[in-house]
Amino acid sequence: MIDHDRMRQVADAYTAAWNSGSAEAVAEFYASDGRIVINRGEPWEGRAGVAQMAAGFFADVPDLSLVCDGLRIAGDHVVYLWTFTGTHAASGNPLSVAGWEEWDVDAEYRVKSSHGWFDADEYTRQSTGA
């Protein structure tokens, strides 16, 4: 059973890791064999894969600022609601994108599996200005 206060602390620290701009700091919140899949794409496996995913976001949005909009907890399953803002590196366009991650966490509160979701069409519209 997840301790809600501890999970809130983990979520706050995860948010701070994203705001640090360190892909490795983000990856530390995952189990060594953890994984993330975004919008039904290909999975990023292990902490190295998660770091690669985060590095891609930091390359696209170097001034990324993440806010945790809320948590939902049931058993070992957590929904982390977020919004990020920043500037798209290639176009210079401002971004504001909302989404969420669905986590299964282990006994140490590390993410074993994450399914992330955001509106990719809206992201493209904002980033290209189309």
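Quick caveat: nothing in here was measured; it's all calculated off a predicted structure.

A. Expanded view of the sheet that holds strand β5 (residues 94-105). Across the sheet, which stays open at both edges, the six strands sit in the order β2-β1-β6-β5-β4-β3 with mixed pairing between neighbours. Each end of this open sheet is capped by a strand with a single partner; those strands are β2 (44-45) and β3 (65-74). The pairing of strand β1 (residues 30-38) with strand β6 (residues 111-118) spans five bridges and is classified as parallel. Within the sheet, the bridge partner assigned to Arg35 lies in β6 and is Ser113.

B. Inspection of the packing of aromatic side chains at higher detail. Under the definition given, this model contains 13 aromatic pairs. Ring centres of Tyr14 and Trp18 lie 6.4 Å apart, and the angle between their planes is 80°; this geometry places the pair in the edge-to-face category. Of this pair, Tyr14 and Trp18 both sit in helix α1 (residues 4-20), four residues apart, roughly one helical turn. You'll find Tyr14 and Trp18 in the same group, each marked buried. Each member of the aromatic cluster is reached from another via a ring pair, and the members are Tyr14, Trp18, Phe29, Phe57, Phe58, Tyr80, Trp82, Phe84, Trp103, Phe118 and Tyr123.

C. A look at the pattern of salt bridges. Tallied over the full model, the rule gives four salt bridges. Note that Lys112 and Asp76 form a salt bridge whose closest N and O atoms lie 3.9 Å from each other. Within this pair, whereas Lys112 is found in strand β6, its partner Asp76 is found in the loop between β3 and β4 (77-87), the two being separated by 36 residues in sequence.

D. Helix α3 (residues 46-60), seen in detail. If you check α3, its first and last C-alpha atoms are 22 Å apart, about what 15 residues at 1.5 Å a residue would give, namely 21 Å. Listed in full, the buried residues belonging to α3 are Gly46, Gly49, Val50, Ala51, Met53, Ala54, Phe57 and Phe58.

E. Highlighting the side chain of Ser114. Considering the arrangement of structural elements, one finds Ser114 in strand β6. Relative accessible area serves as the criterion here: at 1%, Ser114 is assigned to the buried category. Among all residues touching Ser114, those that are not within four sequence positions of it are Tyr30, Arg35, Ile36, Val37, Glu101, Glu102 and Trp103.

F. Here's a closer look at the environment of Gly21. Residue placement: Gly21 occurs in the loop between α1 and α2 (23-27). Distance in space between the C-alpha atoms of Gly21 and Val78 is 23 Å, their sequence separation being 57 residues.

G. Quick look at the environment of Tyr14. A relative accessible area of 0% places Tyr14 in the buried class. Separated by 11 residues in the primary sequence, Tyr14 and Asp3 place their C-alpha atoms 16 Å from one another. With sequence-adjacent residues up to four places away left out, Tyr14 is seen in contact with Val26, Phe29, Tyr30, Tyr80, Glu101 and Trp103.

Each value, and the rule that gives it
Within each chain, residues carry numbers counting from 1 in the order of the written sequence. Local features are withheld for residues below a pLDDT of 70 in this predicted model, meaning they are given only at 70 or higher, and side-chain atom pairs are given and counted only at 80 or more; totals for whole chains, interfaces and linings count all residues. As a rule here, side-chain values come from all non-hydrogen atoms in the structure, and water together with hydrogens is ignored. Note on pairing: DSSP must find at least two bridges between two strands before they are called paired. Strands are runs of DSSP state E lasting at least 2 residues, helices are runs of H or I lasting at least 4, and numbering of each runs from the N terminus. Centre distance within 6.5 Å is the pairing criterion for rings of Phe, Tyr and Trp, where only the six-membered ring of Trp is used; planes under 30 degrees apart are then read as stacked, over 60 as edge-to-face, and the remainder as tilted. Exposure classes here rest on a 1.4 Å probe applied to the protein chains alone. A residue is buried below 20% of its type maximum, exposed above 50%, and partly exposed in between. Here, a salt bridge means any Lys or Arg side-chain nitrogen found within 4 Å of an Asp or Glu carboxyl oxygen. Helix span, expected: 1.5 Å multiplied by one less than the number of residues in the helix. Whether two residues are in contact is decided by their heavy atoms, any of which lying within 4.5 Å being enough.

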